[in-house]
Amino acid sequence: MARKFFVGGNWKCNGRTEEVKKIVTTLNQAEVPSEDDVEVVVSPPFVFLTYVKSLLRPDFQVAAQNCWVRKGGAFTGEVSAEMLLNLGIPWVILGHSERRALLGESNEFVGDKVAYALSQGLKVIACIGETLEQRESGSTVEVVAAQTKAIAEKISSWENVVLAYEPVWAIGTGKVATPAQAQEVHSELRDWIKSNVGLEVAASLRIIYGGSVNGANCKELAAQPDVDGFLVGGASLKPEFIDIINAATVKKNA
């Protein structure tokens with residue numbers, strides 16, 4: 001079964017109203033493959049979600065960068081899955097390495113967040129990835145398998161999940177996993193899913209790559225058989241994000 005190419009743009013904690021409007025205008029004017037060939041989701045900060053949604057072309061979707069682990073209530077500063085749905089936001093990014101590292105989100109906590117978001121009807125971009133120290137010690141597969149297992153133990157369906165492999169050492173550093181390195185981990189992840197979840201999920205689950213993806217390296221990465229798209233950071237704020245979306249044509253023509 002062909003897996004539709006997926007490109008997510010994580011704007012992180014960036015942007016002011018005028019900058020956001022400029023980014024959306026660029027996206028709206030872009031010539032990109034049809035929705036049949038690529039799914040595009042952009043993830044602005046919470047405060048701009050409805051603004052971006054109101055301006056953005058209809059074939060692109062919007063994601064939040066996080067949501068709370070359960071129903072809302074006395075959780076100052078948090079945003080619940082129910083609130084996102086109320087605003088018509090279909091996607092959420094969960095388990096990003098910056099939140100794991102800076103805010104101490106454990107594998108189990110991320111698993112709980114993914115399960116709750118899905119239970120409320122959100123679609124989830126679930127992030128996993130190893131640090132440089134873990135890669136150099138040869139424990140990459142062990143680390144990402146444990147992160148994936150914590151999610152797998154909490155959910156019954158992967159239909160609305162995209163798994164984003166983001167090696168921490170490649171995020172915002174300019175260092176990129178080589179296409180061979182990315183393919184190796186994606187292949188190992190798919191094998192883990194096959195063995196621990198099932199053949200059908202392994203065949204259909206989109207595993208996307210993140211970590212200093214840009215216009216120059218996206219086509220070679222997209223050509224890898226188990227790389228089903230990208231979660232883009234800094235480059236998603238720039239016009240080259242269009243080039244990254246257009247890398248979907250590499251997969252289509254492969």
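Residues numbered from 1 in each chain as written. Predicted model: local features only at pLDDT ≥ 70, side-chain atom pairs only at ≥ 80, totals over all residues. Heavy atoms only, no water.

Colleague: Explain the packing of helix α5 (residues 107-119) against helix α7 (residues 140-152) residue by residue, including any values.
Modeller: Running from amino to carboxyl end, α5 crosses α7 at an angle of 40°, the nearest separation of the two axes being 8 Å. Comparing their axes, α7 and α5 come out oblique. As α5 packs across α7, the resulting crossing turns out to be right-handed. Listed contacts from α7 to N107, E108, G111 and V114 of α5 are A146, Q147, A150 and I151. Each residue belonging to the contact of α5 with α7 can be placed in one class, and the counts come to four nonpolar, three polar and one charged. (Axes fitted to C-alpha atoms, helices over the stretch in contact; angles between N-to-C directions. Helix = DSSP H or I, 4+ residues; strand = E, 2+ residues; numbered from the N terminus. Parallel < 35°, antiparallel > 145°, perpendicular 65-115°, else oblique. Left-handed = near helix turned anticlockwise from the far one by under 90°. Contact = heavy atoms within 4.5 Å. Nonpolar A, V, L, I, M, F, W, Y, C, P; charged D, E, K, R; others polar.)

Colleague: Run through the pattern of salt bridges, naming residues and quoting values.
Modeller: Evaluated as defined, the whole model comprises 13 salt bridges. With its nearest N and O atoms 3.9 Å apart, the salt bridge here joins D226 to R3. One end of the pair, D226, is in the loop between α10 (218-222) and β8 (229-232); the other, R3, is in the segment before β1 (5-10), with 223 residues separating them in the sequence. Ionic pairing is found between D226 and R190, a salt bridge with its closest N-O pair at 2.6 Å. Here D226, found in the loop between α10 and β8, pairs with R190, found in helix α8 (residues 179-196); they are 36 residues apart in sequence, far enough to count as distant. Given a relative accessible area of 13%, D226 falls into the buried group. When salt bridges that share partners are traced, they join R3, R190, D226 and D228 into one network. (Salt bridge = Lys/Arg side-chain N within 4 Å of Asp/Glu carboxyl O. Buried < 20%, exposed > 50% of the residue type's maximum accessible area, 1.4 Å probe, protein only.)

Colleague: Kindly report on helix α1 (residues 17-29), identifying the contributing residues and their values.
Modeller: Taking 1.5 Å per residue, 13 residues should reach 18 Å; α1 reaches 18 Å between its end C-alpha atoms and fits that length. For α1, the set of buried residues is V20, I23, V24 and L27. For α1, the buried positions fall inside an angular range of 95° around the axis, keeping them on one side. Projecting away from the buried face of α1 at angles above 90 degrees are the exposed residues E18, K22 and Q29. On its buried face, α1 sits against β2 (38-43), α2 (49-55), β3 (60-64) and α11 (241-246). (Expected span 1.5 Å × (residues − 1). Arc of directions from axis to C-beta.)

These values are about where atoms sit, not about what they do.
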